Structures are given as structure tokens and as C-alpha cells.
Amino acid sequence: MKNNSIYSMEGVGKVYKFTLTQAFKNKGYRASFIIMILVIVFLGPIMRLGASSGQNIEKSINDVKEDKVNITELLIFNDSGVRIDEEDLGFADSGYKNISVSFPAEKDQKIDSVKASLTSTQVLLLLKTDVNESGMPEYKLQLISSDDTEIKPDILDSLGSFLIEKFDNARYEQAGVDKDIMTLVSSGFNEKKTYTDEEFTNASNRKYSDMEVVALGTTFAVIIMMVLSLASSYIVSSVMEEKVSKLVETLMISVRPLALVMGKIFAMMTYVLLILVISFAGSKLSNSVMDMIVGKNETKEMLNFDVLFKVGFMNAVFVIFAVILLFFIFAFFAGIAGGSCSKAEDMQSANGSVTTLIMIGYIVAMFVPGIENEMVHTIISFVPIFSLFVVPVLYITESISLPVLLSSFAINIVIAIAMFFICAKVYRQLILIDGSKIKISTILKMVFGKSSSGKAKKEVA
């Protein structure tokens, strides 16, 4: 005997298999599947390569290999007012030791004549003072090589950075200022001026730096946005297409209305989980390879999806639970939004509503973790739906307590269950209504049992 309950899941398995198969047959979703995996797998290593390049630039400058430097002579014109001699350059203790240094101005030679006569292995160095765009005085260092130079650009860049460092040392010394003191004086302050006693204690005991907090928040926000955007758009379009093509009326002969939407939700959940599992495994592998290439890296100060493996097992569980809970809430919302469409033109509006909510959550996830205010963190933790975008990161960074995290999860579990019952109650009516796009007020009437049965077609038995 057929189960006519609105909560019947009869036929959900058929819808699940069909939807998952269609998703992988669709070229667009196959491409999205591959692209998202590649982004998650390789973004971390690419960020690490960039950071490694920046962090090691000073080391690379001082470790230039002697046999790579094919510069034979450095000709210096110094109009900076800072006294520089060959000893100040420190070539003898570097990879530039074979470069001879000369000062053509001491022999009354002019810049233009020296520049015109440069050989392929000579470099001209101009040191002078200038004025920047703000009208402030500044020093300028320029390296010039011949048109037919044999010197590689990276060697010239390294030499330029090396000379700037030596020039700074010379001008600090001549001004009677120690370089380290000068660096400290110019660095300024980067801390809050005032703390309450509790704030100071919390700041002193923080496990994560400000940059690490931002990186964790950004990583989680990007994961959430990709998962929700992809899944929601597919559910909206799939539901709308079945409704507009009248296919839904045929399907309801053997499949109950709730099973139609739940089959799609479970299929997209499988699709997303496959992306995340493959991606995180690939991210772990790619970062392990990077550890062997550039050395082990424990920092969490960059966007790197491998960060989930570095925050502890229980923290990773909380992150995954938040993602799954958000997925179901937005999937139910997408099912209702898709069912409210009566023609293809309505899909843009339906997707826009879902996307707007996702973007608000994304902004919350990006910026709230960086706010050093316990009250703000606590309040946002109890805001339904949007709290899920941020509470895992707030808990990982010890900005909220475990009871607050669990309370936030409890609130959103109630929201997810409520969305399930709302979806079950209105979906059957939505997919059988023809005409213009269904308004929110009409959906609310359905939820509270006040919808007009005359507006809907008779459900196929």
C-alpha cells in the first residue's frame, strides 16, 4: 500500500542514483568537480612557494654562488652624500668577491661616456638623492647594464638588493645610529594601547597570532562558500527544470514529493563529500611533498586547506560537522527556492536569494574572527545559521568556550530540523503550482496551513 504521508521517503534511492549520475554526466559539473579539487590541492603549496620566496630572499642574496656571478666590474657614481668605499660593499665575504670596483668620477669620467662604453659583463651603479611623489626626499639606487649584456636579470636583482642593504648599513653608521635600533624605531607599534585585565590575559595566552586567525577564518570561509554555492545552485536548477518540464508529475507516480528533494540533497552531499575527501587527501599529499622541497612548515598564516590537519582531531570534527549542518540548511532552502520557480527566468532570482545568504555568511566568516571582542564573538555564536560560518574558527582560536560552541550547534540543529519539516510541508504544493513565481507570503501560508488548495493541481495518485 502506498504511503501518502508528506514525510514519506519512498523512491529516494532512485532519485539519489539518478541525480548523482546526471551530475557527473553534466560537463559543467564535471569541470567544477575537477577545478575545485585542483584549487584545494594546489593553492596551499602555491601560497607556500610565494611565502618561501619572500622569506628566503635575504638568504638568497647573501648565498649567491660565486660561479653564477659573471659580472667583472662595478662602476660607481655616488651623488648620494653617503660615503661608500669598496670595503663598505663587503664583496670579499660574498659570492660577488670576483667583482672589481671602480669610481670613474675620481678620474673625471662622465656618466654618459661610461654608460656608452659598458661591456657585456660590466655594471654601472648610480647612487643619488631624489624626491618622491609626496615631495619627500629619498635615496635612489640604479643598476645599468649594456644592451648586449650577458648578465642574467636574477643576478642583477640579487646584486641590487645586496647593495641596498650595504648602503643602508653605511648611512646608519655614518649617522651614528645602530641598524637594529633604527629598525626598531621605524617599526612603530602593532598592539592595542589599552586592555582590560581579562583582555590582556586572553591576549597573552592566545595560541594563534592575528595573521593565523585571519588565515583560518579565510580558509573555512572559502570552503563553505564553494560547497554551498555549488550544491545550492544545482538543487535550485534541478528542481526548477523538473517542474517547468512537467517531469515532476510523471515522477510522482512512483516517488513521493519529499523523496524527490531529499534524493537530490543526498546526491549533492555525496558529490561535495567526494570533492572534500579527494581534495583534503590531495592537499595533505601536496603539502608533504612541499615539506620535502622547501622544508617543513608549521605556520598557519596563509590560505592553505591543509590547515585542517593541524588544528587537532576534535577541532577538525567540529569543522566538518558545521559544514554538513550548513549544507543541509541551505539545501532545504534551495529546494524550496527551486520549487517556487514557475519558469526558467525565475531561477536567477531564486539563486540570487540563496547566494545573498551565502555571501553574508562568507563576510561573517572572513571578518568576525579578527575582531578582538569577546561579546561580539558570543553574540554572533547564537545567531541562527550565520553562526555556523564562524563558530568552528572561534572555538579553534579559543575565542569562545566549548559550551558556547555546543549551544550554537544545538540552535542550528533545531533550525535544520525545522527546515526539513517546512520543506516536507510545502514542497509538494510548490512543485504543482503553475503561473507566476511564488511569493514568500504564499510559502508562509503553506507552512502555517493557510494555503488555498485551489491554487495547486491535484497530486498524482
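Values in this document were obtained by computation on a predicted structure and should not be read as measured data. Within every chain, residues take consecutive numbers counted from 1 along the sequence as written. Totals for whole chains, interfaces and linings use all residues, but because this is a predicted model, local features are given only for residues with pLDDT of at least 70 and pairs of side-chain atoms are given and counted only at 80 or more. Processing note: side-chain calculations cover all non-hydrogen atoms of the structure and skip hydrogens and water entirely.

J.: Whenever I open this one, the overall build of the protein confuses me. Can you help?
T.: In this text, helices come from DSSP runs of H or I with a minimum length of four residues, and strands from runs of E with a minimum of two, each type numbered from the N-terminal end. The secondary structure content of the protein amounts to 17 helices and four strands. Split into buried and exposed, the 461 residues of the protein put 43% on the buried side. Should any heavy atoms of two residues lie within 4.5 Å, those residues are counted as being in contact. Contacts spanning at least 24 positions in sequence make up 77% of the contacts within the protein whose residues lie at least 6 apart. Reported accessibility uses the Shrake-Rupley method at a 1.4 Å probe radius. Residues are deemed covered only where the shown protein chains occlude them. When the accessible area of the protein is evaluated, it comes to approximately 24600 Å², of which 61% is carbon and sulfur surface. Only protein chains enter the calculation, and the probe is 1.4 Å; a residue is then buried if its accessible area is under 20% of its type maximum, exposed if over 50%, and partly exposed in between.

J.: Is there a simple way to think about unusual backbone geometry in this case?
T.: The phi torsion at Asp 108 lies on the positive side, around 60 degrees, for a residue other than glycine. In this structure, Asp 108 sits in the loop between strand E2 (100-102) and helix H5 (111-116). Backbone geometry at Glu 398 places phi at a positive 65 degrees, although glycine is not the residue there. With respect to the helices, strands and loops of the structure, Glu 398 is situated in the loop between helix H15 (391-396) and helix H16 (402-430).

J.: Got a minute to help me understand the packing of helix H12 (residues 313-339) against helix H13 (residues 346-367) in this structure?
T.: Between two packed helices, the angle of one axis relative to the other and the distance separating the axes together describe the packing. Interaxial distance between H12 and H13 falls to 9 Å at its minimum, and their mutual angle equals 160 degrees. In terms of their interaxial angle, H12 and H13 are classed as roughly antiparallel. Helix-helix and strand crossings are classified by hand; for H12 and H13 the assignment is right-handed. Residues Phe 330, Phe 333, Ala 334 and Ala 337 of H12 form the contact with H13, whose participating residues are Ala 350, Ser 353, Val 354, Leu 357 and Ile 358. Residue polarity is assigned by list, with Asp, Glu, Lys and Arg as charged and Ala, Val, Leu, Ile, Met, Phe, Trp, Tyr, Cys and Pro as nonpolar; anything else, Gly included, falls into the polar class. Here the contact of H12 with H13 is composed, by residue class, of eight nonpolar, one polar and no charged. Geometry is summarised by axes, namely lines fitted to C-alpha atoms with helices restricted to the contacting stretch, and by angles between N-to-C directions that run from 0 to 180 degrees. An angle below 35 degrees is treated as roughly parallel, one above 145 as roughly antiparallel, one from 65 to 115 as roughly perpendicular, and anything else as oblique. Handedness of each helix crossing follows the sense of rotation of the near helix against the far helix: counterclockwise by less than a right angle gives left-handed, clockwise gives right-handed.

J.: In this structure, what is going on with a nonpolar patch on the surface? I would like to understand it.
T.: Surface patches are drawn from residues lacking salt bridges whose relative accessible area is over 30%; two like charges belong together within 9 Å, two nonpolar side chains (Val, Leu, Ile, Met, Phe, Trp, Tyr) within 5 Å. By convention in these notes, a salt bridge is any Lys or Arg side-chain nitrogen within 4 Å of a carboxyl oxygen on Asp or Glu. Taken together, the side chains of Ile 34, Leu 38, Phe 42 and Ile 46 define a hydrophobic patch exposed on the protein surface, amounting to about 400 Å² of accessible area. With respect to the helices and strands, the residue Ile 34 is situated in helix H2 (residues 27-55).

J.: What should I look at first to understand the nonpolar core in this one?
T.: Definition used in this section: a nonpolar core is a set of buried Ala, Val, Leu, Ile, Met, Phe, Trp, Tyr and Cys residues joined via side-chain atoms within 4.5 Å. Residues Ile 265, Tyr 271, Phe 327 and Phe 389 are the most contacted members of the largest nonpolar core, which totals 90 residues. With 16 residues, helix H9 (residues 210-244) is the single largest residue contributor to this core.

J.: How should the sheet that holds strand E1 (residues 73-79) be read in this particular structure?
T.: The pairing of strands in a sheet happens through backbone hydrogen bonds and is either parallel or antiparallel. Strands are labelled as partners when DSSP assigns at least two bridges between them. The strand order across the open sheet formed by four strands is E2-E1-E3-E4, and the pairing between neighbours is mixed. The open sheet has two free edges, formed respectively by E2 and strand E4 (137-145), since each of these has just one partner strand. Across the sheet, the axes of successive neighbouring strands diverge by a mean angle of 20 degrees, strand direction being ignored. Direction of pairing for E1 relative to E2: parallel, over a ladder of three bridges. Bridging from a neighbouring strand, Leu 75 pairs with Ser 102 of E2.

J.: Before we go on, may I ask you to explain the packing of aromatic side chains in this structure?
T.: What describes a pair of aromatic rings is the distance from one ring centre to the other and the angle between the planes of the rings. Working definition: rings of Phe, Tyr and Trp (its six-membered ring) pair if their centres are within 6.5 Å, and the pair is stacked with planes under 30 degrees apart, edge-to-face with planes over 60 apart, and tilted otherwise. Evaluated as defined, the whole model comprises 19 aromatic pairs. One aromatic cluster is present, formed by Phe 266, Phe 327, Phe 328, Phe 332, Phe 420 and Phe 421 through successive ring pairs.

J.: Which parts of the structure should I look at to understand the packing of H12 against H16?
T.: Across the interface, H12 lies against H16 with an axial gap of 9 Å and an inter-helix angle of 25 degrees. Classified by the angle their axes make, H12 and H16 are roughly parallel. Helix-helix and strand crossings are classified by hand; for H12 and H16 the assignment is left-handed. Residue classes in the contact of H12 with H16 are distributed as 21 nonpolar, three polar and no charged.

J.: Help me understand the confidence of the model for the protein in this model?
T.: Parts of the model with low pLDDT should not have their predicted coordinates read in detail. A residue's pLDDT is the confidence the predictor assigns to it, expressed on a 0 to 100 scale. The predicted model of the protein averages 78 in pLDDT, with 77% of residues at 70 or higher. Contacts for the low-pLDDT stretch residues 299-303, under 50 throughout, to residues beyond four places or in other chains number 22 contacts. Low pLDDT, under 50, characterises residues 451-461; the predicted model gives this stretch 20 contacts beyond four residues in sequence or across chains.

J.: When you look at the environment of Ala 316 in this model, what are you seeing that I'm missing?
T.: Looking at the element boundaries, Ala 316 is found in helix H12. Placed 76 residues apart in sequence, Ala 316 and Pro 392 show a C-alpha to C-alpha distance of 8.7 Å.

J.: Would you mind going over the pattern of salt bridges with me for this structure?
T.: Close approach of charged atoms allows side chains of opposite charge to pair. Per the counting criterion, the structure on display carries two salt bridges. Linking Lys 140 and Asp 130 is a salt bridge whose minimum nitrogen-to-oxygen distance equals 2.9 Å. Of this pair, Lys 140 sits in strand E4 while Asp 130 sits in strand E3 (residues 122-131), and the two are 10 residues apart along the sequence. A salt bridge links Arg 171 to Asp 168; its shortest N-O distance comes to 2.9 Å. Of this pair, Arg 171 and Asp 168 both sit in helix H6 (residues 153-174), three residues apart, which is roughly one turn of the helix. Under the relative-accessibility criterion, Arg 171 is labelled partly exposed at 27%.

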